[in-house]
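What the coordinates show
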Protein chains: 2
Amino acid sequence: MVRGSMDAARRSRRGRPGHDRADVIRAGVQLFNEQGYDATSVSDLTARLGVTKSALYHHVDSKEQILAVALDDALGALEDALATALAHPTAQARLSAIIDGAVRVLAERQPEVTLLLRLRGNSALELAALERRRRFDHAVTELVRAAQEQKLVRTDLDAGVATRLIFGMINSVVEWYRPEGPVDPRSLAVSINAVALEGLRPR
Amino acid sequence: MVRGSMDAARRSRRGRPGHDRADVIRAGVQLFNEQGYDATSVSDLTARLGVTKSALYHHVDSKEQILAVALDDALGALEDALATALAHPTAQARLSAIIDGAVRVLAERQPEVTLLLRLRGNSALELAALERRRRFDHAVTELVRAAQEQKLVRTDLDAGVATRLIFGMINSVVEWYRPEGPVDPRSLAVSINAVALEGLRPR
């Protein structure tokens, strides 16, 4: 059902020319981040957008579909960054590339990733998204473990703990990064890469 | 008003022998973390505790008072850790001590700090807590800046960005740390200290 609803979301994103639907999704994600998904009603959404319920339902099937589309967007972008990282030939380059890619995804998709990071698993859809995030986390932990085996990363830390510390830095980006501020995503990615890889280098 | 409600929370914590009230606070914090403060009703609280409303109101004045007590607990512990850090004589020791202290506060007060980190500022109470958190963040940023002036921390990063990356690692602890797991707070603090200070050391 959840998987079906994500597929439906993807199909209808293709099926209908974007702009108005993108506005509905964007406003929904913003409201969910402001007041919480569970606390947001369809009436809140129509009030924010200044449209009728029937206009809203022209673009999306439900409040849950907005959540599904946003989570799929965030997770899809992270999975793409992982695939790009895995295409690199060395453990060092793969680890560096996933840090780089994840920072950029977070800087560029702040609202959607914020929603993902705050999920509590209160529905089948949320649980499926959390499971997809866990698969991503496990794949990154494997990259860290491979870097440890090659003595690129200190081995006195568990690979899982090291991964969580790196992603602690990366995930904090959604809380404080301002796209209009002085730091661009590229140099932010360079900084986090440097701090993480220097910090984790064996002594 | 908000300050008054925190003071009232503190007074009544002193005035009434603890156990039952502590249970009410603990259950409230747990529910707020599970389903969001705004989405939690007083009925949800009484259902979770298996008590009547009048029994609940024997211990706390309101749902908001539970939030006030929990936030004051988290913020007070962080402010105490800061005061302890500031008592150290050198910039290096201060920075190291605040990382250490903050990790322990987060590991020991996970539910309360989780609530603090998820605040959206939807009420005067939440805004006051966010302001108190901002003052703490600014004080830590000053510690990082002092360490930069003494060339203990790389200066190609803005002190604010460096602080946010360090606290990204520290704050992630509330998301993944399990007190019953293999890592104790003390060695977690040592690891985060090492990764942060090595990662930020000038090259």
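Keep in mind it's a predicted model, so treat the numbers as computed, not measured. (Residues numbered from 1 in each chain as written. Chains lettered and ligands numbered in written order. Predicted model: local features only at pLDDT ≥ 70, side-chain atom pairs only at ≥ 80, totals over all residues.)

A word on the overall build of chain A
Across its full length, chain A carries 10 helices and zero strands. In chain A, the succession of helices and strands from N to C terminus is α-α-α-α-α-α-α-α-α-α. For chain A, the C-alpha atoms occupy an extent of roughly 60 × 40 × 30 Å along the three principal directions. Burial status across chain A gives 39% buried among its 203 residues. Contacts spanning at least 24 positions in sequence make up 68% of the contacts within chain A whose residues lie at least 6 apart. (Helix = DSSP H or I, 4+ residues; strand = E, 2+ residues; numbered from the N terminus. Buried ≥ 20, exposed ≤ 12 C-beta atoms within 10 Å, placed from the backbone. Contact = placed C-beta atoms within 7 Å.)

So, the relation of the copies chain A and chain B
Mapping chain A onto chain B leaves a residual RMSD of 0.0 Å; the transformation is a rotation of 180 degrees accompanied by 0.0 Å of translation along its axis. What the rotation and shift describe, once combined, is the action of a two-fold rotation axis. Of the C-alpha atoms belonging to chain A, the one lying closest to the rotation axis is found on Gly-199 of chain A, 1.7 Å away. When the interface residues of chain A are mapped onto chain B, 100% of them again lie at the interface, so the same face is used by both copies. (Least-squares fit on C-alpha atoms with pLDDT ≥ 70 in both.)

What to know about helix H9 (residues 159-176) of chain B
Along an α-helix, residues three or four apart share an orientation, since each turn contains 3.6 residues. All names here are of chain B. Taking 1.5 Å of rise per residue, 18 residues should cover 26 Å, and H9 covers 26 Å from first to last C-alpha, within 8% of that figure. For H9, the principal kink sits at Gly-168 and spans about 25 degrees. Most of H9 is tucked away: 14 of the 18 residues are buried. (Expected span 1.5 Å × (residues − 1). Bend = angle between axes of the 7 residues up to and from the residue.)

A look at the packing of helix H6 (residues 91-108) of chain B against helix H10 (residues 185-200) of chain B
Residue and element names in this part refer to chain B. Where H6 contacts H10, the axes come no closer than 9 Å and their chain directions differ by 140 degrees. Regarding the angle of H6 to H10, the classification is oblique. The hand of the H6/H10 crossing is right-handed. Contacts between H6 and H10 involve Ser-96, Ile-99, Asp-100, Val-103, Arg-104, Ala-107 and Glu-108 on the former and, on the latter, Pro-185, Leu-188, Ala-189, Ile-192, Asn-193, Ala-196 and Leu-197. Its residues placed into classes, the contact of H6 with H10 shows nine nonpolar, two polar and three charged. (Axes fitted to C-alpha atoms, helices over the stretch in contact; angles between N-to-C directions. Parallel < 35°, antiparallel > 145°, perpendicular 65-115°, else oblique. Left-handed = near helix turned anticlockwise from the far one by under 90°. Nonpolar A, V, L, I, M, F, W, Y, C, P; charged D, E, K, R; others polar.)

Observations concerning the domain arrangement of chain A
When cut into domains, chain A gives domain 1 (2-65) and domain 2 (67-200). One C-alpha centre belongs to domain 1 of chain A, the other to domain 2 of chain A, and the line joining them spans 26 Å. (Domains from an automatic or database assignment.)

Here we look at the packing of helix H5 (residues 63-86) of chain B against H6 of chain B
All names here are of chain B. Running from amino to carboxyl end, H5 crosses H6 at an angle of 155 degrees, the nearest separation of the two axes being 8 Å. Of the possible angle classes, the one that applies to H5 and H6 is roughly antiparallel. Crossing geometry of H5 relative to H6 is assigned as right-handed. Side by side, H5 and H6 meet where Ala-77, Leu-78, Ala-81, Leu-82, Thr-84, Ala-85 and Leu-86 of the first sit next to Arg-94, Ala-97, Ile-98, Gly-101, Ala-102 and Val-105 of the second. Across the contact of H5 with H6, the residue classes tally to 10 nonpolar, two polar and one charged.

Examining the confidence of the model for chain A
Residues and elements named next belong to chain A. Per-residue pLDDT for chain A averages 90, and the proportion of residues at 70 or more is 91%. The secondary structure element of chain A with the lowest average pLDDT is helix H1 (residues 2-15), at 48, and the one with the highest is helix H5 (residues 63-86), at 98. The model gives residues 10-18 a pLDDT under 50, and that stretch makes three contacts with residues more than four places away or in other chains. (pLDDT = per-residue confidence, 0-100.)

Examining the nonpolar core
Counting residues in each nonpolar core, the largest one holds 110 residues, and the members touching the most others are Val-103, Ile-170 and Ile-192 of chain A together with Val-103, Ile-170 and Ile-192 of chain B. Not counting the four nearest positions on each side in its chain, Ile-170 of chain A is found in contact with Ile-99, Ala-102, Val-103, Leu-106 and Ile-192 of chain A. (Core = buried A, V, L, I, M, F, W, Y, C linked by C-beta atoms within 7 Å.)

What to know about the interface of chain A and chain B
Contacts between the two partners involve 26 residues from chain A and, on the opposite side, 26 residues from chain B. Contributing elements (two or more residues each) for the side of chain A that touches chain B: helix H2 (19-35), helix H9 (159-176) and helix H10 (185-200) of chain A. If one sorts the elements of the side of chain A that touches chain B by residue count, H9 of chain A sits on top with nine residues. Across the side of chain A that touches chain B, the residue classes break down as 12 nonpolar, eight polar and six charged.

Side note on unusual backbone geometry
The phi dihedral of Lys-151 of chain A falls on the positive side, at around 60 degrees, and the residue is not glycine. Judged by the 11 C-beta atoms lying within 10 Å of it, Lys-151 of chain A falls in the exposed class.

So, the environment of Leu-86 of chain A
You can see Leu-86 of chain A is positioned in helix H5. Each C-alpha atom, one on Leu-86 of chain A and one on Ala-139 of chain A, is 9.7 Å from the other, the two residues being 53 residues apart in sequence.

Quick notes on the environment of Arg-145 of chain A
With respect to the helices, strands and loops of the structure, Arg-145 of chain A is situated in helix H8 (residues 124-149). For the pair Arg-145 of chain A and Asp-73 of chain A, spaced 72 residues apart in sequence, the C-alpha to C-alpha distance is 28 Å.

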